[in-house]
Amino acid sequence: MDKSMLDDILKKNAGEPEFHQAVSEVFESLQPVFDRHPEFVDAKLFERVAEPERVIMFRVPWLDDQGQVQVNRGFRVEFNSALGPYKGGLRFHKTVYLGLLKFLGFEQIFKNSLTGLQMGGGKGGSDFDPHGKSDMEVMRFCQSFMSELSRHIGPDTDVPAGDIGVGAREIGFMFGQYKRLTNSFTGVLTGKGLNWGGSLGRTEATGYGLLYLVREMLKTKNDSMKDKIVVSSGSGNVSIYATQKCMQLGAKVIAMSDSNGYIVDKGGIDLSLVQQIKEVQRGRIKEYLVKHPNAEYHEGSTGIWEVKCDVALPNATQNELNGKAADALLGNGVLAVGEGANMPTTPDGIRAFLEGGVLFGPAKAANAGGVAVSGLEMAQNGQRLAWSFDEVDTRLQGIMRNIHTSARKASAEYSTEGNLVDGANIAGFMKVAEAMMQQGLV
Ligand code: NDP
């Protein structure tokens, strides 16, 4: 397809480098699709899919513990509803701006499509930084944020969830405010508490799902996670439960990080200690050394990719693994890379892995487990039912297997068999494209 069309999209969305990166990657993968489907080109499907259906941006005023007024900016990007209600997380982080949420919302469209569930794509959040805030400050912020957001969401319209900086505590505060404002108890958010509509397995879903996908990738080489040495960046929701599943599958995770630095514990990370530090105390990863003085701590998070491993799991944030880091991993003989975070590998990093013959699981496929179980939470809420952990986990395993199969199949049909970057982009796009064609010019 004509590259000038991509140039026009990039020009129109100036100053949004992460969105440019996400759109350019999908555009490149879709070239063979557009060659075979001129009707998609005539219908301007790519131009339409790259334009959010709606963007909401709003003021979030709140009072801090000193009684001072604080003002943040809130967003919701309702990107595409061809397959179902908008669905995607809320991110609270100081780096949040419209372009970042557009990248995340755009990726979410194809990821949600890959799960096979009825979910459109969206994303939202705020430049609010939860670090160092008291519970009461977080509550006042969440209530103010939801006071505006509540006008735009609903169980059949838009169903937000958590992401960086938004966990069980924040979802609870936002749900409480939504319920109060609307006088309704509905499944308007996912990631809820277990005794008020949450799904068993949602907390673990992204990390576990990542390993289910990596397991499928390794199977294509008659290999498994058993005895593999793993590096998992980050120490938040995704990294913690990816590490837990690695251990269950017989692998050893030896390094984790936070935004300040990384720890290496050659004997295997003590996960319950990491959970205590990050989930309970909301502390820093370097505190790990207090109980494990023989482990190493290094300032700065990028050096983690120099730690020798068989499987690398970038589970922290976007663009955390660049070309240089990919070369270091390749030099150390990495076999597989699974992206738990969204767009954690830069384009030159991805190229290096694909050319180096490494099994590479791109985020849209690899971290779809979280939203998949959010979809299952919506299904349970709709029926006022609660499934067992095993039932949810069995469905999650099935969904991740299907994602791997459909991405691999699409890669064989349109690109190079096993190139899951192209495969996931194409398989995710095809379903959205067909639905958009059938729903007319909307
Ligand atoms: P959390 O907020 O629970 O954890 C994020 C972790 O990453 C924290 O340990 C944080 O450290 C660390 N981190 C943030 N920035 C950096 C950085 N520049 N370098 C190193 N570490 C960093 O978020 P999640 O685990 O939920 O999300 C992680 C990634 O996974 C994101 O890309 C998110 O979009 C993606 N994702 C999450 C899903 C979910 O279900 N939660 C679903 C699908 C994707 P610190 O403590 O210092 O802030």
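Residues numbered from 1 in each chain as written. Predicted model: local features only at pLDDT ≥ 70, side-chain atom pairs only at ≥ 80, totals over all residues. Heavy atoms only, no water.

**Describing the sheet that holds strand 6 (residues 229-232)**
Each strand in a sheet pairs with its neighbour through backbone hydrogen bonds, running either in the same direction (parallel) or in the opposite one (antiparallel). In plain terms, the rule: Strand pairing is defined by DSSP finding a minimum of two bridges between the two strands. Numbering goes from the N terminus for both helices and strands, where a helix is a DSSP run of H or I of at least four residues and a strand is a run of E of at least two. Convention adopted: a line fitted to C-alpha atoms gives each axis, helices being fitted over their contacting stretch, and angles between N-to-C directions are expressed from 0 to 180 degrees.
The seven strands lie next to each other as 9-8-7-6-10-11-12, forming an open sheet whose pairing is mixed. Strands at the two margins of the open sheet, each flanked by one partner only, are strand 9 (296-299) and strand 12 (359-361). Strand-to-strand twist in this sheet, taken as the mean axis angle between neighbours without regard to direction, amounts to 15°.

**Details of the sheet that holds strand 3 (residues 86-92)**
Sheet architecture is open: five strands sit in the order 1-2-4-3-5, paired in mixed fashion. What marks the edges here is a single partner per strand, and that holds for strand 1 (54-63) and strand 5 (158-161). Pairs of neighbouring strands in the sheet enclose a mean axial angle of 20°, with direction left out of account. Relative to strand 5, strand 3 is paired through four bridges, and the arrangement is parallel.

**Some remarks on the pairing of strand 8 (residues 261-264)**
Going by this rule: Partly exposed residues are those whose accessible area sits between 20% and 50% of the maximum for their type, while under 20% is buried and over 50% is exposed, using a 1.4 Å probe and protein chains only.
Going residue by residue along strand 8, you find Gly261 and Ile263 tucked away on one face and Tyr262 and Val264 tucked away on the opposite face as well. The pairing of strand 7 (residues 252-257) with strand 8 spans three bridges and is classified as antiparallel. Within strand 8, the residue paired with Met256 across the bridge is Ile263. Connecting strand 7 to the next strand, strand 8, in antiparallel fashion are three residues. Pairing between strand 8 and strand 9: four bridges, direction antiparallel. Note on strand 9: the bridge partner recorded for Gly261 is Glu299.

**Notes on helix 11 (residues 271-280)**
As a reminder of what qualifies: By the convention used here, residues are in contact when the closest approach between their heavy atoms is within 4.5 Å.
For helix 11, every residue scored as buried is listed here: Leu271, Leu273, Val274, Gln275, Ile277 and Lys278. Elements that come into contact with the buried residues of helix 11 comprise helix 10 (237-248), strand 7 and helix 12 (288-291). Phi for Arg282, located one or two positions after helix 11, is positive at around 50°.

**Overview of the domain arrangement of the protein**
Heads up, the condition is: For the domain bounds, the source is a domain assignment made automatically or taken from a database. The term buried area denotes the loss of accessible surface (1.4 Å probe radius) that occurs when two parts are joined, taken as the sum for both partners. The salt bridge definition used is simple: a Lys or Arg side-chain nitrogen within 4 Å of an Asp or Glu carboxyl oxygen. Definition of a polar contact: a pair of N or O atoms within 3.5 Å, with one able to donate and the other able to accept a hydrogen when the atoms are protein atoms, and with sequence-neighbouring residues admitted only if both atoms are side-chain atoms. Charged means Asp, Glu, Lys or Arg here, nonpolar means Ala, Val, Leu, Ile, Met, Phe, Trp, Tyr, Cys or Pro, and polar covers whatever is left, Gly included.
With domains assigned, the protein is organised as domain 1 (52-188) and domain 2 (205-357). Distance between the C-alpha centres of domain 1 and domain 2: 27 Å. Across the contact, eleven residues belong to domain 1 and seven residues belong to domain 2. Overall, the association of domain 1 and domain 2 removes approximately 680 Å² of surface from exposure, summing both partners, and the carbon and sulfur fraction of that is 43%. Put simply, domain 1 and domain 2 have zero salt bridges between them. Linking domain 1 to domain 2 there are two residue pairs in polar contact (both at pLDDT 80 or more). No other element matches the five residues that helix 6 (residues 98-114) contributes to the side of domain 1 that touches domain 2. Taken together, the residues of the side of domain 1 that touches domain 2 sort by class into four nonpolar, one polar and six charged.

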